[in-house]
Amino acid sequence: MMSGNRETNHSMATETDIAFLLAEAADEVEIGIAPYAAVVRGGRRRRARRWAIATATALVIAGTTGTLALAGMPGGSGGRVEPAVTAPSQTGTPDLFGHRTVLASGTDQGKPWKVFVDVWAAPRDAAEAQGQLSAMIEQEEVPTGVSKASDLIGKTSFFVYRGSQKGKSWSVQNTFDAKDVQAGTDLESAALPLQPGSKGPQRLVVGHVAKTARSVTCTWKDGTTTVLGRDTSDGEGGAPGTFAIRAVEGSPNSWFVCLAPQGTSFKSTEVTR
Amino acid sequence: MGDRKQARDEEFQSFVVGRWPRLMRTAFLLTGEQHAAEDLVQATLEQVYVAWRRVGAADEPEAYVRRVMINAHARKHRRKLKEFLAPKDDSGLARELPDSGDPIARADDRGALITALAQLPPRQRQAVVLRYWEDLSESQAAEAMGCSVGAVKSNAAKGIAKLRVIPGLADTVTHGGRK
């Protein structure tokens, strides 16, 4: 055991010596090969986890450069889905105080359904962030993990809803750096039951992709696929009965929704063109 | 667009492969243990991957990486996860002071230093590693630790003061072992 006398008797190491010894000690570690593939896998998982999910869902993050053979038609061929109607985006100013866009709607087994997203553009400074947070509180759309206005600076927030959900009962939410714009085949999505509160199969897929993405393929567990093309109506809604990739006011990325036929559920989704 | 993504992926791969050794050494000094160091570096790089589009384009991605690593290390302590190299109770054992000239003695010194580092409070350990191993300025270390320059000075000074009294190290210096 070191004693006080010993402390007195031994000269103190200089900072230079400690720096030298730190360098020597650091050399003791076995460096090994950088686990690049594991890092990328872990990074993709982390990116997917940034989606806060209100219900049991499957999260997907993809960034593949490969392509899949396109098969099947929108809606798939393995089941029966009533035509979905992609509603026109609701009017509003894409500003700091939230903008709502209907991504898709339709009727399934006689029940109407609708998916929409509220996007809050990124505040640039503390004053804008404070104003946005006040509006969020008022609209019951405070992002998970945000405790003060400054947490919102430079961040885009979104809240996805199904059916008549509103306020606190969002289905999917995320707040992310507005500079972190998707590119190429980047894709983030969540799979969840069509009806809020349901524990049924994950038939609904909601996600966002790069604004340049031209085709997204949703693959279902029964092997059928739904292929989405780019909405050509400048965000004003596609033709009735179609699912599409569409621009969303205030969002740096494009969005899509697809729905599995009855009797099957989500398997995978990726940007295919 | 696909080409740009591929180029970005290649940049990230080069970054990971190129920085891995240095990051491992820093993480080893912070954690005091091989596997904990690997975990810390991998977790750090996973976070860097998520933000790579922005980080890769920055002038100095290393500063961001350091910040992420220090935050990850700090979080680990906030969660009170046990470190492998927890303080060992060796009271009652007389510590011999070997001759600083031979390799075994040097290895013993390195072990003593790692053990002593592991016993420092996390903020002191981070300050010492950033200042004296990473050779950062006080302001760079403050940026990495997310604190004031004054806090870096204070933590580094306290940490160094504790390391100075490690018997083996003090003795080495006394005998001019490794100037």
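Here the structure is a predicted model, which means the values were calculated and not measured.

Student: Please explain the overall build of chain A as it appears in this structure.
Tutor: Helix and strand content of chain A: 4 helices and 14 strands. For chain A, the residues scored as buried account for 44% of the 273 residues in total. The contacts in chain A between residues at least 6 apart in sequence include a share of 65% that link residues at least 24 apart.

Student: In this structure, what is going on with the overall build of chain B? I would like to understand it.
Tutor: The helix and strand inventory of chain B stands at 9 helices and 0 strands. Ordering the α and β elements of chain B from the N terminus gives α-α-α-α-α-α-α-α-α. Scored against the burial criterion, the 179 residues of chain B give a buried share of 41%. Intrachain contacts of chain B at a sequence separation of at least 6 include 67% that bridge at least 24 residues.

Student: Help me understand the confidence of the model for chain B in this model?
Tutor: Detailed reading of predicted coordinates is not advised where the pLDDT is low. Residues and elements named next belong to chain B. Per-residue confidence for chain B gives a mean pLDDT of 77, with 73% of residues at or over 70. Ranking the helices and strands of chain B by mean pLDDT puts helix H6 (residues 122–133) first, with 94, and helix H9 (residues 167–174) last, with 53. Scored below 50 in pLDDT, residues 79–104 shows 29 contacts in the model against residues more than four places distant or in partner chains. The low-confidence segment residues 173–179 (pLDDT under 50) makes 13 contacts with residues lying over four places distant or belonging to another chain. Of the two predicted TM-score estimates for the complex, the pTM is 0.53 and the ipTM is 0.76.

Student: What exactly am I supposed to notice about the confidence of the model for chain A here?
Tutor: Residue and element names in this part refer to chain A. Overall, the predicted model of chain A reaches an average pLDDT of 74, with 72% of residues at or above 70. For chain A, per-element mean pLDDT is lowest for strand S3 (residues 84–85), which scores 35, and highest for strand S10 (residues 215–220), which scores 94. Here residues 1–12 scores under 50 on pLDDT; set against residues more than four positions off or in separate chains, the count is 15 contacts. Confidence over residues 61–94 falls short of pLDDT 50; this stretch has 104 contacts with residues more than four positions distant or in other chains.

Student: Got a minute to help me understand the pairing of strand S7 (residues 172–177) of chain A in this structure?
Tutor: Walk down a regular strand and you will see the side chains alternate between the two sheet faces. Residues and elements named next belong to chain A. Taken across its 6 residues, S7 has 5 buried, putting it largely inside the fold. As defined by bridge partners, strand S6 (residues 155–162) adjoins S7 across 6 bridges and the pair is classed as antiparallel. The residue bridging Ser 157 from the neighbouring strand is Thr 175, located in S7.

Student: Whenever I open this one, helix H2 (residues 34–50) of chain B confuses me. Can you help?
Tutor: Along an α-helix, residues three or four apart share an orientation, since each turn contains 3.6 residues. In a regular helix each residue adds 1.5 Å, so 17 residues correspond to 24 Å; H2 of chain B covers 25 Å between its end C-alpha atoms and thus fits that length. For H2 of chain B, the tally of buried residues reaches 14 of 17 residues, placing the bulk of the element in the interior.

Student: Is there a simple way to think about the packing of H6 of chain B against helix H8 (residues 149–164) of chain B in this case?
Tutor: For any two helices packed against each other, one specifies the inter-axial angle together with the distance between the axes. Residue and element names in this part refer to chain B. Following both chains from N to C, one finds H6 and H8 inclined at 90°, their axes separated by 8 Å at the closest point. Our classification of the angle between H6 and H8 gives roughly perpendicular. Together, Arg 123, Gln 124, Arg 125, Ala 127, Val 128 and Arg 131 of H6 and Val 152, Asn 155, Ala 156, Lys 158, Gly 159, Ile 160 and Leu 163 of H8 make up the contact between the two elements. Looking at the contact of H6 with H8 residue by residue, the classes come out as 6 nonpolar, 3 polar and 4 charged.

Student: Explain the pairing of strand S11 (residues 225–230) of chain A to me, please; I cannot follow it from the model alone.
Tutor: All names here are of chain A. Inspection of the sheet shows S10 paired to S11 by 5 bridges, in the antiparallel sense. Each bridged residue has a counterpart across the sheet, and for Thr 217 the counterpart in S11 is Val 227. Between S10 and S11, which pair antiparallel in sequence order, lie 4 residues; one of them, Gly 223, sits at a positive phi of approximately 95°. Across 2 bridges, S11 lies against strand S12 (residues 244–247) in parallel orientation. Residue Gly 229 lies in a different strand from S12, and its bridge partner there is Ala 244.

Student: I'm lost on helix H2 (residues 15–26) of chain A in this one. Help?
Tutor: Between its first and last C-alpha atoms H2 of chain A spans 16 Å; for 12 residues at 1.5 Å apiece the expected length is 16 Å, and the two agree. Considered for burial, the residues of H2 of chain A that qualify are Asp 17, Ile 18, Leu 21, Leu 22, Ala 25 and Ala 26 of chain A.

Student: Help me understand unusual backbone geometry in this model?
Tutor: The bulk of non-glycine residues show a negative phi, and the bulk of peptide bonds are trans. Residue and element names in this part refer to chain A. Non-glycine residue Gln 109 carries a positive phi angle of around 50°. With respect to the element layout, Gln 109 can be found in the loop between strand S4 (99–108) and strand S5 (111–120). Phi angles above zero are rare outside glycine, and Glu 140 is one such case at about 55°. Along the chain, Glu 140 falls in the loop between helix H4 (126–138) and S6.

Student: Teacher, can you tell me more about the environment of Pro 201 of chain A here?
Tutor: Residue and element names in this part refer to chain A. Position of Pro 201 among the secondary structure elements: in the loop between strand S8 (187–192) and strand S9 (204–209). Sequence spacing of Pro 201 and Gly 263 is 62 residues, and the spatial spacing of their C-alpha atoms is 8.4 Å. Pro 201 has contacts with Pro 193 and Ser 265, leaving out every residue within four places of it along the chain.

Student: Honestly, the nonpolar core in this entry has me stumped. Any pointers?
Tutor: For soluble globular proteins, nonpolar side chains are generally found buried alongside one another. If you look at the biggest cluster of nonpolar residues, it comprises 55 residues, and the most contacted ones within it are Ala 27 and Leu 29 of chain B. Considering every element that reaches this core, the biggest residue donor is helix H1 (residues 2–31) of chain B, with 10 residues. Taken together, domain 1 (2–78) and domain 2 (103–174) of chain B each give at least three residues to this core, which thus spans both. The contact partners of Leu 29 of chain B, leaving out residues within four places of it in the chain, are Leu 22, Ala 25 and Ala 26 of chain A together with Leu 117, Val 129 and Trp 133 of chain B.

Student: Can you walk me through the packing of H6 of chain B against helix H7 (residues 138–145) of chain B in this structure?
Tutor: All names here are of chain B. Orientation of H6 relative to H7, taken along the N-to-C sense of each, is 135°, at an axis distance of 10 Å. By the angle class used here, H6 and H7 are oblique. Here H6 and H7 pass one another in a crossing that is right-handed. Facing Gln 126, Ala 127, Leu 130 and Arg 131 of H6, the residues of H7 in contact are Ala 141, Ala 144 and Met 145. Across the contact of H6 with H7, the residue classes break down as 5 nonpolar, 1 polar and 1 charged.

Student: What am I meant to see in the environment of Gln 262 of chain A here?
Tutor: One can find Gln 262 of chain A in the loop between strand S13 (254–259) and strand S14 (266–271). Spatially, the C-alpha atom of Gln 262 of chain A lies 9.3 Å from that of Pro 201 of chain A, the residues being 61 residues apart in sequence.

Student: Looking at this structure, how should I read the environment of Ala 34 of chain A?
Tutor: Here Ala 34 of chain A lies in the loop between H2 and helix H3 (36–49). Not counting the four nearest positions on each side in its chain, Ala 34 of chain A is found in contact with Val 16, Val 17 and Trp 20 of chain B.

Cut-offs and rules
Residues numbered from 1 in each chain as written. Chains lettered and ligands numbered in written order. Predicted model: local features only at pLDDT ≥ 70, side-chain atom pairs only at ≥ 80, totals over all residues. Helix = DSSP H or I, 4+ residues; strand = E, 2+ residues; numbered from the N terminus. Buried ≥ 20, exposed ≤ 12 C-beta atoms within 10 Å, placed from the backbone. Contact = placed C-beta atoms within 7 Å. pLDDT = per-residue confidence, 0-100. Pairing = 2+ DSSP bridges. Expected span 1.5 Å × (residues − 1). Axes fitted to C-alpha atoms, helices over the stretch in contact; angles between N-to-C directions. Parallel < 35°, antiparallel > 145°, perpendicular 65-115°, else oblique. Nonpolar A, V, L, I, M, F, W, Y, C, P; charged D, E, K, R; others polar. Core = buried A, V, L, I, M, F, W, Y, C linked by C-beta atoms within 7 Å. Domains from an automatic or database assignment. Left-handed = near helix turned anticlockwise from the far one by under 90°.

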